[in-house]
Amino acid sequence: MRLSVVPALLIALWYLLIWLVGTTHLSTPQAAFNRMVVGVQEGWLLEGLRITGRNTIIAALISAAIGIPLGYAMGSSSFVATIMEPFLVAGFSTPKLLLWPIVLLIFGFTASTFILFGVMHGLLPVLLFTMAAAQGVSPGVLKVAKSLQLSGRRTFLYITLPSSIGHVLAGLKFGLSLCFLGVVVAEMLLNIGGGEAERILRAGGLGALVLRAAEFNNQAMLFGLVVVILVIALSLNGLMGAIQRSVSRRVGTVEPVTPGVAP
Amino acid sequence: MSIRDSKYAPPVIRWLIVIIGIGALELAVQKGWVDDFVIAAPSSLVVHLLDVAFVSELLRHGLQTGKAAALAFVAASITGILLGFVLFKLPRLFNAVELYVQSYYAVPIFVLYPVAVLFLGISVWSIFLIAFAWAVGAMISETVLALQAVDSSLVKYARSIGLKPVRVATKVQFPAAIPGIINGLKLCLVYSIAGVVGSEFILSTQGVGRLISDHYNSFRTEEMYASIVLLVVAVLLVHIALYTIERRVRARRGLT
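Predicted model, so just to flag it, every value in this text is computed and none were measured.

Re the overall build of chain A
Thinking step 1. When helices and strands are counted, chain A shows 11 helices and 0 strands.
Thinking step 2. Secondary structure of chain A in N-to-C order comes out as α-α-α-α-α-α-α-α-α-α-α.
Thinking step 3. Principal-axis analysis of the C-alpha atoms places the extent of chain A at approximately 75 × 45 × 30 Å.
Thinking step 4. A burial count over chain A gives 49% of its 263 residues as buried.
Thinking step 5. Long-range pairs, those at least 24 residues apart, make up 75% of the contacts in chain A between residues at least 6 apart in sequence.
Thinking step 6. As displayed, chain A offers around 12,100 Å² of accessible surface, 68% of which is attributable to carbon and sulfur atoms.
Thinking step 7. Of the side chains in chain A, 16 bear a positive and 8 a negative charge, and the two mean positions are spaced by 17 Å.

As for the side chain of Glu-187 of chain A
All names here are of chain A.
Thinking step 1. Following the sequence through the fold, Glu-187 ends up in helix H8 (residues 152–190).
Thinking step 2. This buried residue, Glu-187, is left without a salt bridge; Arg-54 holds the nearest opposite charge, at 7.5 Å.
Thinking step 3. Within the structure, the side chain of Glu-187 is placed 3.2 Å from the backbone nitrogen of Leu-206, a separation counted as a polar contact.
Thinking step 4. At a separation of 3.0 Å, a polar atom in the side chain of Glu-187 contacts the main-chain amide nitrogen of Gly-207.
Thinking step 5. If sequence neighbours within four positions are ignored, Glu-187 has contacts with Ile-51, Thr-52, Asn-55, Phe-114, Gly-205, Leu-206, Gly-207 and Ala-208.

Structural notes on unusual backbone geometry
Thinking step 1. Despite not being glycine, Gln-149 of chain A has its phi angle at roughly 60°, a positive value.
Thinking step 2. Of note, Gln-149 of chain A is situated in the loop between helix H7 (139–147) and H8.
Thinking step 3. Located in the positive-phi region is Phe-219 of chain B, a residue other than glycine, with phi close to 60°.
Thinking step 4. Mapped onto the elements, Phe-219 of chain B comes out in the loop between helix H10 (208–217) and helix H11 (221–252).
Thinking step 5. What makes Phe-219 of chain B exposed here is its relative accessible area of 59%.

Let's talk about a nonpolar patch on the surface
Residue and element names in this part refer to chain A.
Thinking step 1. On the surface, a cluster of nonpolar side chains totalling about 720 Å² of accessible area is made up of Leu-10, Leu-13, Leu-16, Leu-17, Trp-19, Leu-20 and Val-21.
Thinking step 2. Topologically, Leu-16 is positioned in helix H1 (residues 5–21).
Thinking step 3. A relative accessible area of 42% places Leu-16 in the partly exposed class.

Some thoughts on the packing of helix H4 (residues 78–93) of chain A against helix H6 (residues 111–135) of chain A
Residues and elements named next belong to chain A.
Thinking step 1. Between H4 and H6, whose axes approach to 10 Å, the crossing angle comes to 150°. Taken together, the axes of H4 and H6 lie roughly antiparallel to each other. In the crossing of H4 with H6, the sense of the turn from one axis to the other is left-handed. Contact with H4, carried on its side by Ser-78, Ala-81, Glu-85, Leu-88, Val-89, Gly-91 and Phe-92, involves Leu-124, Pro-125, Leu-127, Leu-128, Met-131 and Gln-135 of H6 and no other residues of that element.

With respect to the packing of aromatic side chains
Thinking step 1. As enumerated under the stated definition, the model contains 11 aromatic pairs over all chains in all.
Thinking step 2. Ring centres of Phe-174 of chain A and Tyr-105 of chain B lie 4.6 Å apart, and the angle between their planes is 25°; this geometry places the pair in the stacked category. Taken together, the residues span two chains, with Phe-174 of chain A in helix H8 and Tyr-105 of chain B in the loop between helix H4 (91–102) and helix H5 (113–120).
Thinking step 3. With a centroid separation of 5.7 Å and an interplanar angle of 80°, the aromatic rings of Trp-125 of chain B and Phe-128 of chain B are classed as edge-to-face. Of this pair, Trp-125 of chain B and Phe-128 of chain B both sit in helix H6 (residues 124–148), 3 residues apart, which is roughly one turn of that helix.
Thinking step 4. Phe-128 of chain B gets classed as buried once you look at its relative accessible area, which sits at 16%.
Thinking step 5. Chaining the aromatic ring pairs together yields one cluster made of Phe-129 and Phe-174 of chain A together with Tyr-105 of chain B.

Some details on the interface of chain B and chain A
Thinking step 1. Listed per partner, the contact involves 52 residues of chain B and 55 residues of chain A.
Thinking step 2. When chain B packs against chain A, close to 4,800 Å² is buried across both sides, 82% of that on carbon and sulfur atoms.
Thinking step 3. On the chain B side of the interface with chain A, the three residues burying the most area are Tyr-100, Tyr-105 and Leu-118 of chain B, jointly 16% of the side's total.
Thinking step 4. Counting across the interface, chain B meets chain A through 0 salt bridges.
Thinking step 5. At the boundary of chain B with chain A, the tally comes to 5 residue pairs in polar contact (both at pLDDT 80 or more).
Thinking step 6. Of all the elements in the fold, those that place two or more residues in the side of chain B that touches chain A are helix H1 (9–30), H4, H5, H6, helix H9 (178–203), H10 and H11 of chain B.
Thinking step 7. Looking at the side of chain B that touches chain A residue by residue, the class counts come to 43 nonpolar, 6 polar and 3 charged.

With respect to the side chain of Ser-192 of chain B
Residue and element names in this part refer to chain B.
Thinking step 1. Checked against the element boundaries, Ser-192 lands in helix H9.
Thinking step 2. Relative accessible area serves as the criterion here: at 0%, Ser-192 is assigned to the buried category.
Thinking step 3. The contacts of Ser-192, once residues within four sequence positions are left out, are Ala-69, Ala-72, Phe-73, Ala-131 and Ala-135.

Calculation rules
- Residues numbered from 1 in each chain as written.
- Chains lettered and ligands numbered in written order.
- Predicted model: local features only at pLDDT ≥ 70, side-chain atom pairs only at ≥ 80, totals over all residues.
- Heavy atoms only, no water.
- Helix = DSSP H or I, 4+ residues; strand = E, 2+ residues; numbered from the N terminus.
- Buried < 20%, exposed > 50% of the residue type's maximum accessible area, 1.4 Å probe, protein only.
- Contact = heavy atoms within 4.5 Å.
- Areas by Shrake-Rupley, 256 points an atom, 1.4 Å probe, with all protein chains shown as cover.
- Lys, Arg positive; Asp, Glu negative; His and termini not counted.
- Charge placed at Lys NZ, Arg CZ, Asp CG, Glu CD.
- Salt bridge = Lys/Arg side-chain N within 4 Å of Asp/Glu carboxyl O.
- Polar contact = N/O pair within 3.5 Å; in protein donor to acceptor, adjacent residues only side chain to side chain.
- Patch = residues over 30% accessible without salt bridge, like charges linked within 9 Å, V, L, I, M, F, W, Y side chains within 5 Å.
- Axes fitted to C-alpha atoms, helices over the stretch in contact; angles between N-to-C directions.
- Parallel < 35°, antiparallel > 145°, perpendicular 65-115°, else oblique.
- Left-handed = near helix turned anticlockwise from the far one by under 90°.
- Phe/Tyr/Trp six-rings, centres within 6.5 Å; stacked < 30°, edge-to-face > 60°.
- Buried area = accessible area lost by both parts, 1.4 Å probe.
- Nonpolar A, V, L, I, M, F, W, Y, C, P; charged D, E, K, R; others polar.

Right under this line is the structure:
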């Protein structure tokens, strides 16, 4: 119930703005909703969702595939972790938007640019959280494992992994949400400017649709898409948060401190 | 004493990593292993830094960006601190909005730029709005976190000596939360700069973002890299400066 307070407030604010400013520049919530329904019927909304979804999932999988093993590897040595931490925190703290022209220059107007920009956003939180999680495993418990002569593999599977999985999932929550953010922003930025980019427009995802709505001055479509993107961003975050809390409760984990993370 | 125990080993090793990395990139470009149109040699950064025309143009645009970012920062930090304080003081309201405040980082604020242009046109005010929207979220959540982290025994003591709630808030809670608020200011400033520059990539006729965009569009790769590197360095310096201030404030108060 309390989750509906903010959406209700925002819709009330929307109507207030319409009352103040009129509907010349502002679509009504009903018009935006109807436009999205049309989008589903005509297929372009679902196509946009499919493309953005595919790019986000690929970016998230790459971030996890690199970030988790690397995070555990770096976290297992406090010396390596101490050395690498400032680089990772600096990378995490720098808004990746500033690096967009470099990404565009190196990777050009291709589909993998969306995915790469998503990975740039999502990799570092996964890495940082996993590293902190690996370091947060209780040394006492690790000593017990050693005294029981558990192999490295068994120590990881039965001690390190269960202790750290909650925090790793928190990192994946950040990572997935930020991958989505990176992909959508890249889709939008990639489609700015005409010419070659117009080919991409037809192949773009939600971000490209936003730009198309803006360029054709279709306010209902623009506002509808913005709401769809907001809902997806918040839902992804909420879903991953729920998964993380549920796993943490079952497994019982240590809560390590993740350096420099407050996105 | 092994190298791992030395206090100086980590910073030295970090500098070595940076130097070797830059050296490897320079070598790769000079040898032609990477296309020098796509990746500029690090040495070109030094060359451009010595070019008065380049530096003065960068500074001129930097001043425009700085003004917009400063405006967004001031507005976002004041609004964010006030709203954060209000949310902290009204736990029921905070309970209702908490999930959204915590999820603010996941929202692609930049997607709102067409909406900003719709209302405010292609002007500095659209840029201000995007930067403000991006920065204020971080400020609100960091302010609430900082206030929540204040030791409750301080508050209890203040009440026990008869301080009225307003005074408890202004004389005890808020000052105790200052280190966390400085952390929030750090994020607020970084996001203000990023929001302004990002918007300038597409919306502006001036500013560092516009300059970088011009370099990109006219294939001046080296100038583009030089501008971006200097911009990122500036953002990192802001980060380090405010982080250092926060650490000093915490140390002076005996907090870790």
